[in-house]
Amino acid sequence: MAESATTLPPAHRTSRLDIGSLLTRHGAWIALALLILVNLAITPNFATWQTLNVNLTQVCAIVIVGVGMTLVIATGGIDLSVGALMAIAGSLAPLIFLGKLFPLPHPAVGIALAFVVPVVVAAAFGWFNGWLVTRLRIQPIIATLVLFIAGRGIAQVLTNGNLQVFNLPNFQFIGLGRVFGIPFQAVLMIVIVAAAAWMLRRTVFGRQILAIGGNEKAARLSGIPVTSVKQRVYLISGLLSGIAGLIVIARNSAADANLVGLGMELDAIAAVAVGGTLLTGGRATVIGTLVGALIIQLVRYTLLANGVPDAAALVAKAGIIVLAVWLQRQSHR
Amino acid sequence: MVPLLSMQGIDKRFAGIPALRTAELVVEKGEVHALIGQNGAGKSTMIKILTGYYRKDAGEILFDGRPVEFSSPQEAQRSGISTIYQEINLVPFRSVTENICLGREKRRFGLLDWSAMHEEARTLLARFSIDIDVRRPLMAYPTAVQQMVAIARAIGFDAKLVIMDEPTSSLDEREVEVLFGVIRQLKASGVSVIFVSHKLDELYAVCDRVTIMRDGRTVPVAPMAQLSRLDLVTSMLGRELTQVLHEGHDAGNARDDVREPVLKVSHLAIGRKVRDVSFDVHPSEIVGLAGLLGAGRTESVRAVFGADKPDAGTIGFAGTENTISAPLDAIRAGMGFCSEDRKLEGIIPDMSVRENLTLALMPQLARRGIVDEARSREVVDRFIRRLGIRCTGPEQRIRELSGGNQQKVLLARWLCMSPKLLILDEPTRGIDVGAKAEILSLIRELAGQGLAVLMISSELEEVVEAASRIFVLRDGHTAAELKGDAVNEQTVMAAMAHGHEEAQEAAHG
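Note that the structure is predicted; figures quoted are calculated from it, not measured.

About the cut-offs
Residues numbered from 1 in each chain as written. Chains lettered and ligands numbered in written order. Predicted model: local features only at pLDDT ≥ 70, side-chain atom pairs only at ≥ 80, totals over all residues. Heavy atoms only, no water. Helix = DSSP H or I, 4+ residues; strand = E, 2+ residues; numbered from the N terminus. Rg over C-alpha atoms; globule rule 2.2 N^0.38 Å. Buried < 20%, exposed > 50% of the residue type's maximum accessible area, 1.4 Å probe, protein only. Salt bridge = Lys/Arg side-chain N within 4 Å of Asp/Glu carboxyl O. Contact = heavy atoms within 4.5 Å. Buried area = accessible area lost by both parts, 1.4 Å probe. Polar contact = N/O pair within 3.5 Å; in protein donor to acceptor, adjacent residues only side chain to side chain. Pairing = 2+ DSSP bridges. Axes fitted to C-alpha atoms, helices over the stretch in contact; angles between N-to-C directions. Patch = residues over 30% accessible without salt bridge, like charges linked within 9 Å, V, L, I, M, F, W, Y side chains within 5 Å. Areas by Shrake-Rupley, 256 points an atom, 1.4 Å probe, with all protein chains shown as cover. Bend = angle between axes of the 7 residues up to and from the residue. pLDDT = per-residue confidence, 0-100. Parallel < 35°, antiparallel > 145°, perpendicular 65-115°, else oblique. Left-handed = near helix turned anticlockwise from the far one by under 90°. Nonpolar A, V, L, I, M, F, W, Y, C, P; charged D, E, K, R; others polar.

What chain B contains, in helices and strands, is 19 helices and 24 strands. Radius of gyration (C-alpha) of chain B: 26 Å, near the 23 Å computed for a compact globule of 509 residues. The principal-axis extent of the C-alpha atoms belonging to chain B is close to 80 × 60 × 45 Å. Classification of the 509 residues of chain B by burial places 53% in the buried group.

In structure tokens, the structure reads:
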């Protein structure tokens, strides 16, 4: 064995190593580039504004939630409640701007409150998750399961289970509006991704998040306020879920407590994993989560645009996740 | 008479590093045999080889006259070797019988044979002189009885040899008495016991003979009664009394009692491990905390740093009293703490040298929450140079560094905060000789510049060399304060074994 290894030409060996480390380190980017190249070759009308916009809008909510999920996972936790919190925020907003909760002095006030109140409520629920995790020391997967189950119930009680339909362009700008031809939600998404990536890299808070995920005991002994950092991270995850909930109902011109954000927790976790964030915490990339979500979306788009049924696309999605997590393990050897 | 157990010439290597070297252990029938040694001396490896958890590389094991090599703890158990671990798990709301027969229920015609099982439980407990209604739930009985039930269950009917691995570490004094009662019962009925403990009093209370382990080797067996406490401690630590030199210390003699101590701990108590611990540290002074494993050293300093909550006592630091309730408070007040487990509580493996080094300093390096990278790099470069940290650069991941260089980064993590007091728990554990010397000389240099250092080390030589004053802890109490000429290995070992008076005598005699 040893002999055969030494007889290999050295040039060959180094090139193989390079490809290996390149794949594991920048696998997500390479996959995204390949997908775009393949689509340029085979998918008709791929290089158009419309294709870009369709794919961006499909991916916005997942990325925004995924940013919060990335931060939570970076501390070594997980947040299963994001979909349910989207449903709460999505149900609350129409109740406010339709004046069902309290009489409105002016429609503009209703719209302003419909943006602020649901997001604040979702953030408060997120903080509650953090409280369960830090103060009651419940494992994150169980602690957030509480609102995963109860949250959608709360949303249904709020709306009596009714579908709320509306047409309110001022509010729906968040889901349907455009800035210089680019969907407003995509702009919002990019701003959130950029802010979170900068925060993770440059601020004390970002370092503290990664330190906690990397070694919580060492972080505590180095004076990092573990409890407060974790609570803030879950709060941010809740807040971003709230924003995503508003985008989804604005896009649909309707809020259905049963459907808003359904399965979102899994999509977000998948995007985080494919993007290259370590699921055990300590290493995280927000840009990676964006790329991960784009890959999953593009694979689905490629298959659909080329006539493969949606059910088969789901299998492809699962395959990507397996591949991504396997690559990640390789790089950790 | 043929001994019940005879392990001879046992060798074991882990990844090429010897853990056991021709170790031997001979246990007679009906004997309580103590197995003692420092952490890493090879006690657990020895026991795990006996019970089939590990495979030996060389040597021979005779059990009950036959050569054996168990492939699993279950197989060892079937052959009559029971092991009782530190924690005992039972189901409190089920009956005594169910607890005893759990996993080996008797059946008749496919149904549980309750009367046979009750009978079995009663007979088993009778062996330990326990007469209780086995149909009642376990929680109806006091803890001591529950403890006995647990031990009875573990031992069962067939045990010829019972291994107790630090069985008393989570028991209070009354429960320890109960356990000793059981051990005497076992002995009376011809069962042998291997008793692993760090508490010397317990060894003298129940054990007949002792095997002492050191660096994977065994010291010849001796009857307990023929060994003094001092003999035990010196054999464990590997120093012959004749070798111990009187290394007088002139440094620091004039220093104490003149200035106010920066740290003053009085009558500290935490759980079962720390009962009454007092010590103090002055500026510019290196104070050692010595003691056997489980004496309460680490627990005490963790409480000082706010990592654990004390039950009683006062901790005075830099003019305040009991104001520290979390590590963050301690750090703000001017303390640093290098934990004994570098991997588990020190480094953040995936982060760079720079990020690890500035972890505690980070809030001070930031303006409005944004890290000032330029200042951070400046601090890191300075400390890499000053401590001679060998790395490819500040961005190298700390996991790739050697143990000694990782420890230097952790020291720098605190030194860059300009602390008043630095607490070092086993600062040289798992570090090569060169780095060890470097770290110790650095500590001395820092103390010369006014830093107060509180140092725990299991290597006696190291503490005696570095410290100008040593507090010796024993079973959670401060047993002695040694200073001046009394700071030598002999007095420290005497204090570890006996307490204060004997230490004084040893110092003068």
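So, on to the pattern of salt bridges. Residue and element names in this part refer to chain B. This structure, assessed with the given rule, holds 34 salt bridges over all chains. Residues Lys273 and Glu299 are paired through a salt bridge, measuring 3.7 Å at the closest nitrogen-oxygen approach. Taken as a pair, Lys273 in the loop between strand S13 (263–270) and strand S14 (274–281) and Glu299 in helix H9 (residues 297–304) lie far apart in primary sequence, 26 residues in all. In this structure, the salt-bridge partner of Glu426 is Arg429, at a minimum N-O distance of 3.5 Å.

By a widespread convention, an interface's size corresponds to the accessible area lost as its parts come together. Taken together, the contacts link 32 residues of chain B with 21 residues of chain A. With both chains or domains summed, chain B and chain A bury close to 2,000 Å², and 62% of this area falls on carbon and sulfur atoms. On the chain B side of the contact with chain A, Glu345, Asp350 and Met362 of chain B bury the most area, a combined 21% of that side's loss. Viewed at the interface, chain A and chain B are joined by three salt bridges. Applying the counting rule to chain B against chain A returns nine residue pairs in polar contact (both at pLDDT 80 or more). For the side of chain B that touches chain A, the secondary structure elements donating two or more residues are helix H10 (327–333), helix H11 (342–346), helix H12 (353–357), helix H13 (362–365), strand S20 (370–371) and helix H15 (403–415) of chain B.

Positioned with a positive phi, Ser253 of chain A is a non-glycine residue whose angle comes to about 55 degrees. Tracing the chain through its elements places Ser253 of chain A in the loop between helix H11 (226–252) and strand S4 (254–255).

Right, let's get into the sheet that holds strand S5 (residues 66–67) of chain B. Residue and element names in this part refer to chain B. Here four strands make up an open sheet; going across it, the order is S2-S1-S4-S5 and the pairing antiparallel. Here the strands that pair on one side only, and so sit at the sheet edges, are strand S2 (17–27) and S5. Bridge analysis of strand S1 (residues 5–14) against strand S4 (residues 58–63) gives five bridges, and the strand direction is antiparallel. Residue Leu5 lies in a different strand from S4, and its bridge partner there is Phe63. Helix H1 (residues 43–50) rests against S1, S2 and S4 of the sheet, and its axis sits at about 115 degrees to S1.

For the rest of this paragraph, the subject is a nonpolar patch on the surface. There is a patch of nonpolar side chains on the surface, built from Ile141, Ile142, Leu145, Phe148 and Ile149 of chain A and spanning about 440 Å² of accessible area. For Ile149 of chain A, the location among the structural elements is in helix H6 (residues 140–159).

This part covers helix H3 (residues 49–74) of chain A. Residues and elements named next belong to chain A. The axis of H3 is deflected most strongly, by about 40 degrees, at Cys60. Most of H3 is tucked away, with 21 of its 26 residues classed as buried. Where H3 ends, the next residue or the one after it, Gly76, has phi of about 95 degrees, a positive value.

Below, the discussion takes up the confidence of the model for chain B. For chain B, the mean per-residue pLDDT works out to 84, and 91% of the residues sit at or above 70. Quick note on the complex model: pTM equals 0.71, ipTM equals 0.81.

Right, let's talk about the sheet that holds strand S10 (residues 192–196) of chain B for a bit. Residue and element names in this part refer to chain B. Spatially, S6-S9-S10-S3-S11-S12 is the arrangement adopted by the six strands of the open sheet, whose pairing is mixed. Taken across any chain shown, the strands that pair with only one partner, and hence form the sheet edges, are strand S6 (81–84) and strand S12 (217–223). In this sheet, neighbouring strand axes are inclined to one another by 20 degrees on average, regardless of whether the strands run parallel or antiparallel. Together, strand S3 (32–37), S6, strand S9 (161–165), S10 and strand S11 (209–214) form the strand contacts of H1, whose direction differs from that of S3 by roughly 135 degrees.

Residue and element names in this part refer to chain A. With respect to the helices and strands, Pro118 occurs in helix H5 (residues 107–134). A residue is classified by how much of its surface remains accessible, and Pro118, at 0% relative accessible area, is buried. A sequence separation of 24 residues divides Pro118 from Pro94, and the C-alpha atoms of the two residues are 9.8 Å apart. Once you skip the residues sitting within four places of it in the chain, Pro118 turns out to touch Ala89, Leu92, Ala93, Ile96, Leu113 and Leu246.

A separate point is the packing of H3 of chain A against helix H13 (residues 286–305) of chain A. Relative orientation and spacing of two packed helices are given, respectively, by the angle between their axes and the distance between those axes. Residues and elements named next belong to chain A. Axis separation between H3 and H13 bottoms out at 8 Å; the angle between their running directions is 140 degrees. The pairing of H3 with H13 is recorded here as oblique in orientation. Read as a crossing pair, H3 and H13 show a hand that is right-handed. Residue-level contacts link Thr51, Asn55, Gln58, Val59, Ile62, Val63, Gly66, Val67 and Thr70 of H3 to Val286, Thr289, Leu290, Ala293, Leu294, Gln297, Leu298, Arg300 and Tyr301 of H13. Residue classes in the contact of H3 with H13 are distributed as ten nonpolar, seven polar and one charged.

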